[in-house]
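Here's the letter readout for the chains.
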Amino acid sequence: ALVAEARSRGVEAEAMVLDLADEGVWPDALNRIAAAGPVAGFALVAGTNHDTSLGKLEEPAWDRVWAVNTGFHARYLQSLARPGALAPGARGILVGSIVGSRGNHGQTAYAAAKGALLDLLPLAPRGLRLNALLPPLVDSPLLANLSDDARLRLFKNRLLEDPDPAHSCAEAGAFLLGEGASYV
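Computed from a predicted structure; not experimentally measured.

Caption draft 1: Molecular detail of helix 5 (residues 108-120). Along its 13 residues, helix 5 runs 19 Å from first to last C-alpha, staying within 8% of the 18 Å computed at 1.5 Å per residue. Looking only at helix 5, the buried set comprises Ala 109, Tyr 110, Ala 111, Ala 113, Lys 114, Gly 115, Ala 116, Leu 117 and Leu 120. Close packing links the buried residues of helix 5 with helix 3 (59-79), strand 2 (86-95), helix 4 (99-102) and strand 3 (128-133).

Caption draft 2: Focus on the pairing of strand 1 (residues 39-45). Across 6 bridges, the pairing between strand 1 and strand 2 is parallel. In the sheet register, Val 39 faces strand 2, and the bridge partner there is Leu 86. For the handedness criterion, the β-α-β arrangement of strand 1, helix 3 and strand 2 is classed as right-handed.

Caption draft 3: Structural context of the side chain of His 73. Relative to the helices and strands, His 73 resides in helix 3. Contact partners of His 73, with chain neighbours within four places excluded, come to Leu 44, Ala 46, Val 68, Leu 94, Leu 117 and Leu 120.

Caption draft 4: Spotlight on the environment of Ala 116. The residue Ala 116 is located in helix 5 in this model. For Ala 116, a relative accessible area of 14% translates into the label buried. Sequence separation between Ala 116 and Thr 70 is 46 residues; the distance between their C-alpha atoms is 6.9 Å. Those residues within four positions of Ala 116 in sequence are excluded, and the remaining contacts are Trp 66 and Thr 70.

Caption draft 5: Fine view of the sheet that holds strand 1. If you trace the 3 strands from one edge of the open sheet to the other, you get 1-2-3, paired in parallel fashion. Across the chains shown, the open sheet's two edge strands, defined by having one partner strand only, are strand 1 and strand 3. The mean inter-strand angle of the sheet, taken between neighbouring strand axes irrespective of direction, is 10°. Of the strands in this sheet, strand 2 and strand 3 touch helix 5, which is tilted by about 155° from strand 2.

Caption draft 6: Molecular detail of the packing of aromatic side chains. The tally for this structure, following the rule as stated, stands at 4 aromatic pairs. Note on Trp 26 and Phe 72: the rings are 5.7 Å apart at their centroids and 75° apart in plane angle, and the pair reads as edge-to-face. Pair noted here: Trp 26 is in helix 2 (residues 26-35) and Phe 72 is in helix 3, with a separation of 46 residues, a long-range link. Here Trp 26 and Phe 72 have matching classes, each one buried. Summarising the aromatic geometry, the rings of Phe 72 and Tyr 76 are spaced 6.2 Å apart at their centres and angled 10° between planes, so their arrangement reads as stacked. In this pair, Phe 72 and Tyr 76 are both assigned in helix 3, 4 residues apart and thus about one turn of the helix distant. According to the relative accessible area criterion, Tyr 76 is buried, its value standing at 3%.

Caption draft 7: Quick look at helix 7 (residues 165-177). The end-to-end C-alpha distance of helix 7, which contains 13 residues, comes to 18 Å, matching closely the 18 Å that a straight helix rising 1.5 Å per residue would cover. Every buried residue belonging to helix 7 is among Pro 165, Cys 169, Ala 170, Gly 173, Ala 174 and Leu 176, and all of these are buried. Against helix 1 (2-8), strand 2 and strand 3 lie the buried residues of helix 7.

Caption draft 8: Up close: the packing of helix 3 against helix 5. Packing of helix 3 against helix 5 leaves a shortest axis separation of 8 Å and a crossing angle of 10°. Accordingly, the angle class assigned to the pair helix 3 and helix 5 is roughly parallel. Note on element contacts: helix 5 touches helix 3 through Thr 108, Ala 109, Tyr 110, Ala 112, Ala 113, Lys 114, Ala 116, Leu 117 and Leu 120, opposite Trp 62, Val 65, Trp 66, Asn 69, Thr 70, His 73, Ala 74 and Leu 77.

Rules of the game
Residues numbered from 1 in each chain as written. Predicted model: local features only at pLDDT ≥ 70, side-chain atom pairs only at ≥ 80, totals over all residues. Heavy atoms only, no water. Helix = DSSP H or I, 4+ residues; strand = E, 2+ residues; numbered from the N terminus. Expected span 1.5 Å × (residues − 1). Buried < 20%, exposed > 50% of the residue type's maximum accessible area, 1.4 Å probe, protein only. Contact = heavy atoms within 4.5 Å. Pairing = 2+ DSSP bridges. Right-handed = clockwise from strand over helix to strand, strands pointing away. Axes fitted to C-alpha atoms, helices over the stretch in contact; angles between N-to-C directions. Phe/Tyr/Trp six-rings, centres within 6.5 Å; stacked < 30°, edge-to-face > 60°. Parallel < 35°, antiparallel > 145°, perpendicular 65-115°, else oblique.

Following this line, the structure appears as C-alpha coordinates:
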(Lines give C-alpha, C1' and ligand atoms only; values in the text may rest on other atoms or scores of the structure.)
Protein backbone atom coordinates (compact mmCIF):
# COMPACT_ATOMS: atom_id res chain seq x y z
CA ALA A 1 0.00 0.00 0.00
CA LEU A 2 2.88 2.40 0.76
CA VAL A 3 4.45 1.95 -2.69
CA ALA A 4 1.08 2.59 -4.38
CA GLU A 5 0.48 5.69 -2.24
CA ALA A 6 3.96 7.05 -2.97
CA ARG A 7 3.50 6.47 -6.71
CA SER A 8 0.12 8.24 -6.59
CA ARG A 9 2.01 11.28 -5.27
CA GLY A 10 4.51 11.16 -8.13
CA VAL A 11 7.29 9.53 -6.14
CA GLU A 12 9.33 6.81 -7.82
CA ALA A 13 8.93 3.77 -5.58
CA GLU A 14 9.80 0.10 -5.72
CA ALA A 15 9.06 -2.79 -3.40
CA MET A 16 11.62 -5.47 -2.62
CA VAL A 17 10.16 -8.65 -1.17
CA LEU A 18 12.62 -10.69 0.90
CA ASP A 19 12.53 -13.53 3.37
CA LEU A 20 14.40 -11.68 6.10
CA ALA A 21 14.37 -14.76 8.34
CA ASP A 22 17.04 -16.09 5.95
CA GLU A 23 20.03 -13.90 6.80
CA GLY A 24 21.76 -15.37 3.75
CA VAL A 25 19.65 -13.08 1.50
CA TRP A 26 20.74 -9.93 3.33
CA PRO A 27 24.11 -9.36 1.56
CA ASP A 28 22.59 -9.71 -1.92
CA ALA A 29 19.73 -7.35 -1.02
CA LEU A 30 22.14 -4.77 0.37
CA ASN A 31 24.35 -5.06 -2.71
CA ARG A 32 21.34 -4.63 -5.05
CA ILE A 33 20.30 -1.50 -3.17
CA ALA A 34 23.84 -0.07 -3.20
CA ALA A 35 24.19 -0.76 -6.94
CA ALA A 36 21.10 1.37 -7.63
CA GLY A 37 22.97 4.48 -6.45
CA PRO A 38 22.50 6.91 -3.57
CA VAL A 39 19.34 6.28 -1.56
CA ALA A 40 16.85 9.16 -1.53
CA GLY A 41 14.17 7.45 0.53
CA PHE A 42 13.09 4.13 1.92
CA ALA A 43 10.61 2.41 4.20
CA LEU A 44 11.51 -0.83 5.91
CA VAL A 45 8.31 -2.80 6.45
CA ALA A 46 8.76 -6.29 7.85
CA GLY A 47 7.14 -8.40 10.48
CA THR A 48 6.90 -11.85 11.94
CA ASN A 49 5.82 -13.12 15.32
CA HIS A 50 5.98 -16.13 17.58
CA ASP A 51 3.26 -15.72 20.17
CA THR A 52 4.29 -17.04 23.56
CA SER A 53 5.44 -15.83 26.94
CA LEU A 54 9.10 -15.10 27.66
CA GLY A 55 9.54 -18.28 29.70
CA LYS A 56 8.29 -20.48 26.83
CA LEU A 57 10.11 -18.69 24.01
CA GLU A 58 12.75 -20.91 22.41
CA GLU A 59 15.97 -19.45 21.04
CA PRO A 60 15.38 -20.23 17.31
CA ALA A 61 12.00 -18.48 17.43
CA TRP A 62 13.52 -15.48 19.23
CA ASP A 63 16.33 -15.27 16.65
CA ARG A 64 13.89 -15.44 13.70
CA VAL A 65 11.60 -12.74 15.11
CA TRP A 66 14.58 -10.52 15.93
CA ALA A 67 16.19 -10.99 12.48
CA VAL A 68 13.01 -10.11 10.58
CA ASN A 69 11.76 -7.27 12.77
CA THR A 70 15.05 -5.56 13.68
CA GLY A 71 18.22 -7.26 12.46
CA PHE A 72 18.00 -6.37 8.78
CA HIS A 73 16.97 -2.82 9.66
CA ALA A 74 20.14 -2.32 11.70
CA ARG A 75 22.32 -3.84 8.98
CA TYR A 76 20.66 -1.63 6.34
CA LEU A 77 21.25 1.53 8.36
CA GLN A 78 24.87 0.47 8.82
CA SER A 79 25.23 0.13 5.04
CA LEU A 80 23.93 3.68 4.59
CA ALA A 81 26.79 5.06 6.69
CA ARG A 82 29.31 4.48 3.90
CA PRO A 83 30.33 7.56 1.86
CA GLY A 84 28.02 8.26 -1.07
CA ALA A 85 25.28 5.88 0.08
CA LEU A 86 22.75 8.66 0.72
CA ALA A 87 21.35 11.23 -1.67
CA PRO A 88 21.09 14.80 -0.33
CA GLY A 89 17.97 15.14 1.84
CA ALA A 90 17.54 11.35 2.24
CA ARG A 91 14.54 10.18 4.22
CA GLY A 92 13.68 6.86 5.79
CA ILE A 93 10.98 5.13 7.77
CA LEU A 94 11.24 2.16 10.08
CA VAL A 95 7.77 0.63 10.34
CA GLY A 96 7.35 -0.76 13.82
CA SER A 97 4.23 -1.39 15.84
CA ILE A 98 2.42 0.29 18.68
CA VAL A 99 3.06 -3.00 20.53
CA GLY A 100 6.78 -2.14 20.50
CA SER A 101 6.15 0.97 22.58
CA ARG A 102 3.94 -0.65 25.21
CA GLY A 103 4.36 -4.43 25.00
CA ASN A 104 1.64 -7.02 24.75
CA HIS A 105 1.15 -10.16 26.80
CA GLY A 106 2.20 -13.22 24.81
CA GLN A 107 4.10 -11.23 22.17
CA THR A 108 7.43 -11.01 23.99
CA ALA A 109 9.78 -11.31 21.03
CA TYR A 110 7.66 -9.19 18.70
CA ALA A 111 7.25 -6.37 21.22
CA ALA A 112 10.96 -6.35 22.08
CA ALA A 113 12.08 -6.40 18.45
CA LYS A 114 9.66 -3.69 17.32
CA GLY A 115 10.56 -1.60 20.38
CA ALA A 116 14.24 -1.84 19.46
CA LEU A 117 13.48 -0.05 16.18
CA LEU A 118 12.90 3.10 18.22
CA ASP A 119 16.41 2.76 19.62
CA LEU A 120 17.81 2.73 16.07
CA LEU A 121 16.41 6.21 15.29
CA PRO A 122 19.19 8.25 16.96
CA LEU A 123 21.79 5.97 15.38
CA ALA A 124 20.83 6.95 11.81
CA PRO A 125 23.74 7.95 9.59
CA ARG A 126 24.41 11.68 9.27
CA GLY A 127 22.34 13.15 6.45
CA LEU A 128 19.38 10.78 6.89
CA ARG A 129 16.08 12.00 8.32
CA LEU A 130 14.77 8.81 9.92
CA ASN A 131 11.30 8.40 11.38
CA ALA A 132 9.36 5.52 12.86
CA LEU A 133 5.78 4.72 11.98
CA LEU A 134 4.00 2.74 14.68
CA PRO A 135 0.72 1.52 13.28
CA PRO A 136 -1.94 -0.08 15.41
CA LEU A 137 -3.29 -3.51 14.58
CA VAL A 138 -3.61 -3.88 10.82
CA ASP A 139 -5.04 -6.95 9.11
CA SER A 140 -1.98 -8.47 7.45
CA PRO A 141 -0.35 -11.83 6.73
CA LEU A 142 1.09 -11.62 10.26
CA LEU A 143 -2.39 -12.49 11.53
CA ALA A 144 -3.00 -15.33 9.05
CA ASN A 145 -2.88 -18.10 11.65
CA LEU A 146 -5.47 -16.55 13.94
CA SER A 147 -8.89 -18.08 14.24
CA ASP A 148 -11.85 -15.94 13.22
CA ASP A 149 -12.80 -15.64 16.90
CA ALA A 150 -9.31 -14.47 17.93
CA ARG A 151 -9.19 -12.01 15.03
CA LEU A 152 -12.59 -10.59 16.03
CA ARG A 153 -11.45 -10.15 19.65
CA LEU A 154 -8.26 -8.38 18.58
CA PHE A 155 -9.97 -5.93 16.25
CA LYS A 156 -12.79 -5.31 18.72
CA ASN A 157 -10.24 -4.03 21.26
CA ARG A 158 -8.59 -1.45 18.98
CA LEU A 159 -8.61 2.05 20.41
CA LEU A 160 -9.45 3.75 17.13
CA GLU A 161 -11.83 2.70 14.41
CA ASP A 162 -10.50 3.02 10.88
CA PRO A 163 -12.16 1.33 7.93
CA ASP A 164 -8.80 0.97 6.13
CA PRO A 165 -5.86 1.22 8.54
CA ALA A 166 -3.39 -0.08 5.94
CA HIS A 167 -4.27 2.86 3.68
CA SER A 168 -4.04 5.31 6.59
CA CYS A 169 -0.56 4.00 7.43
CA ALA A 170 0.46 4.22 3.77
CA GLU A 171 -0.67 7.86 3.65
CA ALA A 172 1.30 8.64 6.81
CA GLY A 173 4.36 6.90 5.37
CA ALA A 174 4.10 8.77 2.08
CA PHE A 175 3.86 12.04 4.02
CA LEU A 176 6.97 11.20 6.08
CA LEU A 177 8.92 10.45 2.90
CA GLY A 178 7.74 13.64 1.21
CA GLU A 179 8.83 17.26 1.18
CA GLY A 180 6.09 18.34 3.59
CA ALA A 181 7.73 16.46 6.46
CA SER A 182 11.17 18.01 6.18
CA TYR A 183 11.18 18.97 9.86
CA VAL A 184 9.25 16.02 11.29
